[in-house]
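# Survey of secondary and tertiary structure
The lines below spell out each chain.
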Number of protein chains: 2
Amino acid sequence: MLRTHNCGQLRKSDVGTEVTLCGWVESKRDHGGAVFIDLRDRYGITQVVIGPPEADKSLIDQAGHVPAESVILIRGKVSDRLEGKTNEKLPTGEIEVRSEHFEILNAAATPPFTPGQAELPGEDLRLKYRFLDLRRTEMQRAMVLRSRIVKIMRDYFAQHDFIDVETPILGRSTPEGARDYLVPSRVHPGEFYALPQSPQLYKQILMVAGFDRYVQVAKCFRDEDLRADRQPEFTQLDLEMSFVDADDIMSLIDGLVAATAKEVLGKDIALPLPRMTYEEAMRRFGSDAPDLRFGMEIVDVTDVAKKTEFRVFRGTADAGKFVRGINVKNAADKYSRRQIDELTSWVQNDFGAKGLAWFRVEEDGSLWSPIAKNFDAEHLAEIKEKLDGQPNDLLMFLADTWDVTCRGLSGLRKRMAVELELFSPNDLNCSWVTEFPMFERDEESDRYVAMHHPFTAPLADDLPRLKDQPEKCHAQAYDLVINGSEAGGGTIRIHDPGVQQQVFDLLGIDEETAKDRFGFLLDALKYGAPPHGGIALGVDRWVMLFAGLENIREVIAFPKTQKASDLMTEAPGEVDSQQLEELHLRTIKAKS
Amino acid sequence: MLRTHNCGQLRKSDVGTEVTLCGWVESKRDHGGAVFIDLRDRYGITQVVIGPPEADKSLIDQAGHVPAESVILIRGKVSDRLEGKTNEKLPTGEIEVRSEHFEILNAAATPPFTPGQAELPGEDLRLKYRFLDLRRTEMQRAMVLRSRIVKIMRDYFAQHDFIDVETPILGRSTPEGARDYLVPSRVHPGEFYALPQSPQLYKQILMVAGFDRYVQVAKCFRDEDLRADRQPEFTQLDLEMSFVDADDIMSLIDGLVAATAKEVLGKDIALPLPRMTYEEAMRRFGSDAPDLRFGMEIVDVTDVAKKTEFRVFRGTADAGKFVRGINVKNAADKYSRRQIDELTSWVQNDFGAKGLAWFRVEEDGSLWSPIAKNFDAEHLAEIKEKLDGQPNDLLMFLADTWDVTCRGLSGLRKRMAVELELFSPNDLNCSWVTEFPMFERDEESDRYVAMHHPFTAPLADDLPRLKDQPEKCHAQAYDLVINGSEAGGGTIRIHDPGVQQQVFDLLGIDEETAKDRFGFLLDALKYGAPPHGGIALGVDRWVMLFAGLENIREVIAFPKTQKASDLMTEAPGEVDSQQLEELHLRTIKAKS
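Note that this is a predicted model, so its numbers are computed, not measured.

## Notes on the relation of the copies chain A and chain B
Turning chain A through 180° and shifting it by 0.0 Å along the axis lays it on chain B, with an RMSD of 0.1 Å. Both chain copies can therefore be described as sitting about a two-fold axis. The share of interface residues of chain A whose copies in chain B are also at the interface is 100%, consistent with both copies meeting through the same surface.

Listed below in structure tokens is the structure:
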């Protein structure tokens, strides 16, 4: 290699060694007739001195004019730094390299921004000049962490006898689920491939083929309107196992969570990870991905509400809806009336709540609220007791449908926990949510839709209910939740063609449609399908969570914007008309 | 798990243990009132006995009717097999499991073929029912081997400090190279993404970003007319390093070749792997991917040809073309006149040769040939000496352009080596071909085209020639050759914007075109680009070579046909008109 050492490697014990270093000019300063350069590479920074007596005037002069971010090669001797000049913050801070030879490998033009600059430029500029942005220490760390986490995952599953199988990117479009990205075929005019939304069907096929344990770090694609934390292409750790139940999958992933936490964060995680049913999660936390880094559990006071004179509460309770609340401990003095009004608007706008009722627990233990006068003392005491109200606690309530109280209170919990700093950025809380409902009712079409996908197996105990009470059936489904985010999800699949038929019937998928969409899987299930199940973990999400980052674009080397553009390569772009002709396509002008 | 052991696990030491096994019914036979089932899974086969006294009549009856390839679960005790009934071919052959409990998990319909059947069905049927085909031992082995080889690669590069970075699948179309697969954008009407033919530009960007060592197992896509050994999507082990020269990359890959050969085949490979320049490879073997498992080197006899009376030889030599031949040792008695005539037609049809001249070395050392009478004895003797002709050798010659003699003789070498079994299927011969020409002349457009890609760096010694004698410039390029197949290839890249400009000029790529196609890379090269280079290894090819297979579809779980169809999922397929509308597209009927 051109270098003998990298820029993070040299120590006091190397003093006297002749070395060659290559790297980027992070910064440079003149001092006492010499030029001092902080030379940077992926491994660290080393101070290089170009000055007398080792360097002659022309070399010093050349070094004095090298632009920042240029790539240089220097040769020289490792020396002790002068007393008082050492830098304890740098692993190489006790030494410097006194350069005898200095060579500019690539002189940099003045960049639009430098990776070392104090203030970050706007994200669009960072994405356009991603090669500069990726030089920043934070981005380098995130990419190295991503590489390590994926390696930990791969090693873990290799140790557990999994086979890594690649499934196709050019697949078949299935109108189920999100919108597909399509790829026109040149050989088959008018036909299209679709990029996979997940390897779901293929991995089930691999189980039918007898592979027993499959794993893949798989690229998946969804042409959706992008939210802040979504990308058109994303990465899943996808796996499937035969002859297992939900417990087996969860235990396996427990081990991976513990291994990752240990290797990446040095943390010991107690196993098994806590498990909670969907019903319990919604009841206690209003969310199927509850953030358990803090308490603030939801308490149902509908029965008290029914007895009060307060019209909103009683009306809601009488209508069969719910009055539920949370106790924001010791927070009454931290929220002004105005701030609470702001929270009220927020739950109205973001969650469709009609209003927010709240009580402050006074020093003397009484409840104060603008609406307190509508309540008997007895009922106030009951409410306080139910929520274990102590002086300075803030009790907040929504009176609404089950769904709105869940979403609204879950939102409040999360927001107020952040504002009150109820958890540390270093906390890592992992748990499972299980037994999701099999079906949701789609209001628009007034029919059942699968909450996961149509191959999800119901709980064995629910099988007898499948036909007549499908809304009461629960799935053998499990979501991994880390710090209140869904970090993975999976199900045990149906391996019994009869049960599969029943589920299709419920979903209104007739035989022809089923055959058209996933006929090959139904075929496969006929010819010796083992009981099987699996899970997919969101790799981008895992890296974010383990890196403590909040923007998914910080953990992807070349992400796309929310308009699905790559600002560096300017993709998507126009193509030659000849290319379209070969694909038997014509573009239509968008309607204006 | 549903099972306590897998089907490849039980041994004599387990006798007496109560076990539960799951697997597929490979075969079954009735014997002495009991049913014997060979139960199969990925790990092996175990003999299960359902018979008295453990099983009652109804169980035996049920077992007797279970269809082949059904999935069953059995519980019972591990027992010694009766004397004389052990099977030494099976690792589990000393035991059997006497079943007390028998459960059909999934009863198989009669499959179109069984994985155990002696004669393989046609490939189309195997591809349509891939889940059955993948149950075959050979396919299971190939997939496990593939998983292992990829793991070996990943571990090797992780040990060498490489970072695994994912580059986008939705990229930008660059009209350079092969045809792109396009993906229409919904958000940007009339615009398209392209699937990457390789991560070439991204990996260079990663070097400019300072990642120093990048690796990725990358899916690549080419919409080409498919040859037998090509797939629309294929997998490359792609890597790039900074501050290196060609030697560094080759030494690194040497280590990987040796590690893979050792771990997969138990073979010790001597390092460094032999290296040969492109010029030498074409001169001695007529190919830039010479098969070195056998000799049969090409010998140039143009100087002798010039002296002979044989019109074809002398005319060719006088026209500045070449007469070159090979000595097929000890093969004269193995090829009849008719077979040689067949070879002649073959080199004419497949390589555009005008004919094939040949001589047989007789017992007495003289050369016999239908054309021998056109030669003086002296010249025949010279030819014989040049090719070291011994009795029973067959000397074969082409008189043609350099290219035709190369292609034709290389073809003959390979074909005859196979026919004469000059190498064993177990041989593994790995080497490097280096210093490829920078440019080829494209006859059609009468301009230079890059032999690798336009970012390939010339040899330092050739830099002065770049402007005036580009055809004499050689690239810092290297191909890994295994058993006569290209198993990988790479180059050192240009990191000097001035040299890059010169190369673009030579290739007739003007500024605007360059900016349009890879502007972001040219931008990146301006802001501090390190010297860098890399290589891409064909993963599918590696698995084929290490598995000793000859059909690339045998090492891919879900391959496409030569018409780029997936026979199992029936991709590509038609899509809803609404989908096309959202993509601002209309299909055109193919011209009939």
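Having seen the model, we can carry on.
## Things to note about empty space enclosed by the protein
Scanning the entire structure with this criterion turns up six cavities of 30 Å³ or more. Reported here for the largest cavity is a volume of approximately 500 Å³. Looking at the largest cavity, it is lined by 31 residues, and the ones nearest its centre are Val217(A), Ala218(A), Lys219(A), Val217(B) and Lys219(B).

## With respect to the domain arrangement of chain A
Here the domain parsing of chain A yields domain 1 (12-106), domain 2 (140-276 + 430-556) and domain 3 (294-419). Each of domain 2 of chain A and domain 3 of chain A has a C-alpha centre, and the two are 37 Å apart.

## Considerations on the packing of aromatic side chains
Throughout the structure, instances matching the rule amount to 48 aromatic pairs over all chains. Here Phe504(A) and Phe518(A) contribute two aromatic rings whose centre-to-centre distance is 5.6 Å and whose plane-to-plane angle is 15°, an arrangement assigned as stacked. Remark: Phe518(A) occurs in helix α14 (residues 511-526) and Phe504(A) occurs in helix α13 (residues 497-507); sequence separation between them is 14 residues. Across this residue pair, the class does not change: Phe504(A) and Phe518(A) are buried. Ring pairing ties together the aromatic residues Phe310(A), Phe313(A), Phe359(A), Phe375(A) and Phe397(A), which thus form one cluster. Note that Arg415(B) overlies the ring of Trp346(B), its terminal NZ or CZ placed 4.8 Å from the centroid.

## Thoughts on the sheet that holds strand β22 (residues 532-538) of chain B
Residue and element names in this part refer to chain B. The sheet built from eight strands is open, its strands ordered β6-β9-β10-β22-β21-β20-β17-β11 with mixed pairing. The outermost strands of the open sheet, each flanked by one partner alone, are β6 (163-164) and β11 (275-277). The pairing of strand β20 (residues 477-482) with strand β21 (residues 485-492) spans six bridges and is classified as antiparallel. Within β21, the position partnered with Asp 479 by the bridge is Gly 489. The strands touched by helix α5 (residues 200-208) are β9 (213-221), β10 (233-242) and β22; relative to β10, the strand with the most contacts, the crossing angle is about 20°.

## Notes on the side chain of Thr20(A)
By the element assignment, Thr20(A) lies in strand β1 (residues 18-31). Discounting residues that sit within four places of it in the chain, Thr20(A) has contacts with Leu2(A), Arg3(A), Thr4(A), His5(A), Leu73(A), Ile74(A) and Arg75(A).

## Comments concerning the UniProt feature "binding site: ATP" (unreviewed entry) in chain A
Per the UniProt record, "binding site: ATP" (unreviewed entry) is annotated on Arg222(A), Asp223(A), Glu224(A), Gln231(A), Glu486(A), Gly538(A), Val539(A), Asp540(A) and Arg541(A). Residue contacts for Glu224(A): discarding those within four places in its chain leaves Ala178(A), Arg179(A), Arg230(A) and Arg186(B). Tracing the sequence through the fold places Val539(A) in helix α15 (residues 539-547). Those residues in contact with Val539(A) that sit more than four places away from it in its chain are Arg146(A), Val150(A), Met153(A), Thr235(A), Gln236(A) and Leu237(A).

## A closer look at helix α6 (residues 246-265) of chain A
All names here are of chain A. Compared with the 28 Å implied by 1.5 Å per residue over 20 residues, the 28 Å span of α6 between its first and last C-alpha is a close match. Burial of α6 is extensive: 14 of the 20 residues sit out of reach of the surface. For α6, the N-terminal capping position is held by Asp 245, with its side-chain oxygen 3.2 Å away from the main-chain nitrogen of Asp 247. Directly beyond the C-terminal end of α6, a positive phi value near 70° is found at Gly 266.

Cut-offs and rules
Residues numbered from 1 in each chain as written. Chains lettered and ligands numbered in written order. Predicted model: local features only at pLDDT ≥ 70, side-chain atom pairs only at ≥ 80, totals over all residues. Heavy atoms only, no water. Least-squares fit on C-alpha atoms with pLDDT ≥ 70 in both. Contact = heavy atoms within 4.5 Å. 1 Å grid on protein atoms, 1.4 Å probe; cavity = no way out; pocket = protein on both sides within 12 Å on 5 of 7 lines; lining within 4 Å. Points joined across faces, edges and corners; volume = space filled by probe spheres on them. Domains from an automatic or database assignment. Phe/Tyr/Trp six-rings, centres within 6.5 Å; stacked < 30°, edge-to-face > 60°. Helix = DSSP H or I, 4+ residues; strand = E, 2+ residues; numbered from the N terminus. Buried < 20%, exposed > 50% of the residue type's maximum accessible area, 1.4 Å probe, protein only. Lys NZ or Arg CZ within 6 Å of the ring centre and 35° of its normal. Pairing = 2+ DSSP bridges. Axes fitted to C-alpha atoms, helices over the stretch in contact; angles between N-to-C directions. UniProt positions renumbered as here; feature names shortened; annotations may be inferred. Expected span 1.5 Å × (residues − 1). Polar contact = N/O pair within 3.5 Å; in protein donor to acceptor, adjacent residues only side chain to side chain.

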